[in-house]
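# Residue-level structure breakdown
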Amino acid sequence: MNHSLQWSSDIARMKAELSWLDAVFVAEPEAQLLSSKAYRVVATIDSGRVFSRRFYEAIRCWGRQGAVGPAFLVVRSPDPIAYYWGDFGVVPLVEISMSTSGDLFLETLHFEPSGGADSISTLAEEFVFFDDSRDWIFLVERNGELARLFVKVNADGDQYKNCLPQEWCFDARDVEEHLQRFALSPSEIGEIAKTVIGLSAK
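First, a word on what this report is: a plain description of the structure on this page. (Residues numbered from 1 in each chain as written. Predicted model: local features only at pLDDT ≥ 70, side-chain atom pairs only at ≥ 80, totals over all residues. Heavy atoms only, no water.)

Moving on, we come to the nonpolar core. Judged by nonpolar contacts, the single largest core of 39 residues is most densely connected at Trp-62, Phe-129, Trp-136, Phe-138 and Leu-149. At 6 residues, helix H2 (residues 53–63) tops the list of elements feeding residues into this core. Beyond its immediate stretch of four places on either side in the chain, Phe-129 contacts Val-50, Phe-55, Ile-59, Phe-72, Leu-73, Ile-96, Phe-105, Leu-109, Trp-136, Ile-137, Phe-138 and Val-140. If you look at the next biggest cluster of nonpolar residues, it comprises 17 residues, including Met-14, Leu-21, Leu-93 and Phe-150. (Core = buried A, V, L, I, M, F, W, Y, C linked by side-chain atoms within 4.5 Å. Buried < 20%, exposed > 50% of the residue type's maximum accessible area, 1.4 Å probe, protein only. Helix = DSSP H or I, 4+ residues; strand = E, 2+ residues; numbered from the N terminus. Contact = heavy atoms within 4.5 Å.)

Structure follows, in structure tokens:
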């Protein structure tokens, strides 16, 4: 595998990235909610879309919106240090060069450090993509089957949203229909939909 897409042995860097993400998001039973006022959500899609070459093209497109630099992938759940570090001596912190091929990107998502079922595509419940300058964050929550794009509050949200295929992006009704598959009351569905969809994103 290309060196730029190897899992990391830099445990200090992993802890620092997790600490930063913990400051941006706060855990709730239904979804990760923003605790930082520096970001806003501009798009919501089905989390299964992430495992495609077309999604990687969106990452490259986001990279062209701000400062030129790599993107990063960090797994937040299962606990990357408690689960991966002790057994494998590496953690799922991956640097993604903007020149990386789509095939190599997918290989990284399916890479198994143990040779077993420990890949991001198989095991990760929550993981995050972000750029080197922290201009955008893409949060993937597999349990809720939703993934959301966050950008800085002063950024042009449409420029980032337009990197995704239009047919992938949920509107409020799509999110509510999606959430009806879970054991939630109508009021809970309404509140969560407001939180995850980014209705005010322009």
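At a closest axis distance of 9 Å, the pairing of H2 and helix H4 (residues 102–110) adopts a crossing angle of 105°. One finds that H2 runs roughly perpendicular with respect to H4. For the pair H2 and H4, contact is made by Arg-53, Phe-55, Tyr-56 and Ile-59 and by Gly-102, Asp-103, Phe-105 and Leu-106, respectively. A per-class count over the contact of H2 with H4 returns 5 nonpolar, 1 polar and 2 charged. (Axes fitted to C-alpha atoms, helices over the stretch in contact; angles between N-to-C directions. Parallel < 35°, antiparallel > 145°, perpendicular 65-115°, else oblique. Nonpolar A, V, L, I, M, F, W, Y, C, P; charged D, E, K, R; others polar.)

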